[in-house]
Amino acid sequence: MIVELLTDPAAWIGLLTLVVLEIVLGIDNLIFIAILAEKLPPHLRDRARRLGLGLALFMRLGLLSVVSWLVTLTAPLFTVFGQGFSGRDLILLVGGLFLLFKATSELHERLEGVTHMAGGSTAYASFGLVVTQIVVLDAVFSLDAVITAVGMVDHLPVMMAAVVISIGIMLWASKPLTRFVNAHPTVVVLCLSFLLMIGLSLVAEGLGFHIPKGYLYGAIGFSVMIEALNQWAKRNALKHEARRPLRDRTAESILRLLGGRAPGEPALAGASAEGAMPLPEPAFAVEERNMVSGVLSLAERNVRSVMTPRADISWVDLNDDPEAVREQLLDTPHGIFPVCRGSLDEVVGVARAKDLLGHLLRHGKIDESGGLRAPIYVPESTTVIRLIDTLRGARGQLALVNDEHGTLTGVVTPIDVLEAIAGEFPDEDETLEIQQTAADTWTVSGSADLHLLEQALQTHGLLSDDDSYTSVAGFLLARFGGLPSPGRKWVHDGCEFEVTDVDAQRIRTVVVRRLPATESGN
């Protein structure tokens, strides 16, 4: 008999499968045993765990022998609708129904998120009491494992060998096993589905319908292979995710918690499709998410992305007539100006508007020697985080931005940094660069910041990977390969960009529309 089992491949397959199932079914035992062991002093916990599981091994073997003997009772005890039921059939029916109930309830708890919590008692219990509780508890939890063994394998020696091996593995690797199962909940769900399948086969056999064990082994083996591929894919995905900068992963996680959309997810249209379930209201408003996103992106943005470009700088020319300068200062709502001689490339200094007006009133001209501050220069490649330190020491003064050739390309103030976080704060002579004119339509200036436009459209992918452009005009120039004519359109992430106003040098105005899902998918 023993020799036949050792040479039978089906017996080895059944033994291996049963060992795996017995280990997984024993995880609940390990969790509750760990809870009971916590009531002992730390130096006695491992001893109690080992002793309890060792005593439970003999009790489980006894249960296995009794149940295995009961299923040999094949003489019919009674008949229902022409179907005779023996002691073996009753054991199989009751055991199958128990497995179906056990697996269904466990799956329900897993899917509903119900967890077992340890008690909050701090007093230590006696060693004997805890070991007794472990043995009794294991007897209760062993019932499903014993019935599973009877349903999986026909030979008692194979069942006992599987129980001994599984208990030995649990004794040797109880802590790593618990950590593995807790880290891979899909493994538990898979094994619980095996219990459902085994329970169904027991019920069917108890009713007189025999299901060959090979079918069960084949289904279990195929499922295990699929789960192994799934775990491999998850591990590769985690490795790939780990290659991304920690800052990017943290920022994306925070935005997801706030209710934002991660790159690659479809944009949401203004109105939900007919018949679709309404979307839940996010816990944080769009403005709050945009501000957090603005803060998280500061370290990645350079000064060029937040500065006022050279073409939009208001500056004072010392060569102009004093009266013209006075009118300019009164008509322009800015509080501080670069003071130049002839052009922006000849900066003499920086001054407040009130100081310049005081010079004109007292002296009739601007005093270069005593009324101007020395200009502060920053490279356009400087990050916004470093710019904040520079502006903090500038005492309210603006900073001039130079490119790598020393040419002035813009100016930047604390207000520009604030706008990068909280959106636009236009002066009296300015209008919003991003204006929503309808539910899914925006009128956008060509100089509008792409970070702010991404926030307004709730989209991704507008920004340049190499910082070669920072504005809407730069984005479209890169897509069209040159200055487009009015009416040209470009679709990105479900949004249509239509150029509406162009002069000889730049794109002035763009209209952005969010397309319906049927159109954006084309």
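Computed from a prediction, not measured in an experiment: that's the story for all the values here. (Residues numbered from 1 in each chain as written. Predicted model: local features only at pLDDT ≥ 70, side-chain atom pairs only at ≥ 80, totals over all residues. Heavy atoms only, no water.)

Before going further, it helps to examine unusual backbone geometry. A positive phi is found at Gln-458, a non-glycine position, where the angle reads about 55°. With respect to the element layout, Gln-458 can be found in the loop between helix 17 (450-457) and helix 18 (472-480). (Helix = DSSP H or I, 4+ residues; strand = E, 2+ residues; numbered from the N terminus.)

Direction vectors running N to C along helix 13 (residues 322-331) and helix 14 (residues 353-363) enclose 150°, while the axes themselves pass 10 Å from each other. Judged by the inter-axis angle, helix 13 sits roughly antiparallel to helix 14. Every pair of crossing elements has a handedness; the one defined by helix 13 and helix 14 is left-handed. Between helix 13 and helix 14, the contacting residues are Pro-322, Val-325, Arg-326, Leu-329 and Leu-330 on the first element and Ala-353, Leu-356, Leu-357 and Leu-360 on the second. Of the residues assigned to the contact of helix 13 with helix 14, the class counts are eight nonpolar, no polar and one charged. (Axes fitted to C-alpha atoms, helices over the stretch in contact; angles between N-to-C directions. Parallel < 35°, antiparallel > 145°, perpendicular 65-115°, else oblique. Left-handed = near helix turned anticlockwise from the far one by under 90°. Contact = heavy atoms within 4.5 Å. Nonpolar A, V, L, I, M, F, W, Y, C, P; charged D, E, K, R; others polar.)

Our focus in this paragraph is the pattern of salt bridges. Here the structure, examined in full by the defined rule, presents ten salt bridges. The residue Asp-345 makes a salt bridge to Arg-310 at a minimum N-O spacing of 3.0 Å. Remark: Arg-310 occurs in the loop between strand 3 (308-309) and strand 4 (316-317) and Asp-345 occurs in strand 6 (residues 343-352); sequence separation between them is 35 residues. Of the charged contacts, one joins Arg-508 and Asp-503 as a salt bridge, the two residues approaching to 3.1 Å between their closest N and O atoms. Using a relative accessible area of 27% as the deciding quantity, one classes Asp-503 as partly exposed. Here the residues in one salt-bridge network are Lys-489, Glu-496, Glu-498 and Arg-513, joined through shared partners. (Salt bridge = Lys/Arg side-chain N within 4 Å of Asp/Glu carboxyl O. Buried < 20%, exposed > 50% of the residue type's maximum accessible area, 1.4 Å probe, protein only.)

The periodicity of an α-helix, 3.6 residues per turn, causes residues three or four positions apart to be oriented the same way. When helix 15 (residues 384-392) is considered as a whole, its buried residues turn out to be Val-384, Leu-387 and Leu-391. Viewed along the axis of helix 15, the buried residues span an arc of 50°, placing them on a single side of the element. Summarising the geometry of helix 15, the exposed residues directed more than 90 degrees from the buried face are Arg-386 and Arg-392. Tucked into the core, helix 15 has its buried residues touching strand 7 (377-379), strand 8 (399-402), strand 9 (408-412) and helix 16 (414-422). (Arc of directions from axis to C-beta.)

Reading across from one edge, 4-5-6 is the order of the three strands in this open sheet, with mixed pairing throughout. One side of each edge strand has no neighbouring strand; the edge strands of this open sheet are strand 4 and strand 6. In terms of strand pairing, strand 4 meets strand 5 (residues 336-341) through two bridges, oriented parallel. Paired with Asp-317 across the two strands is Cys-340, which belongs to strand 5. (Pairing = 2+ DSSP bridges.)

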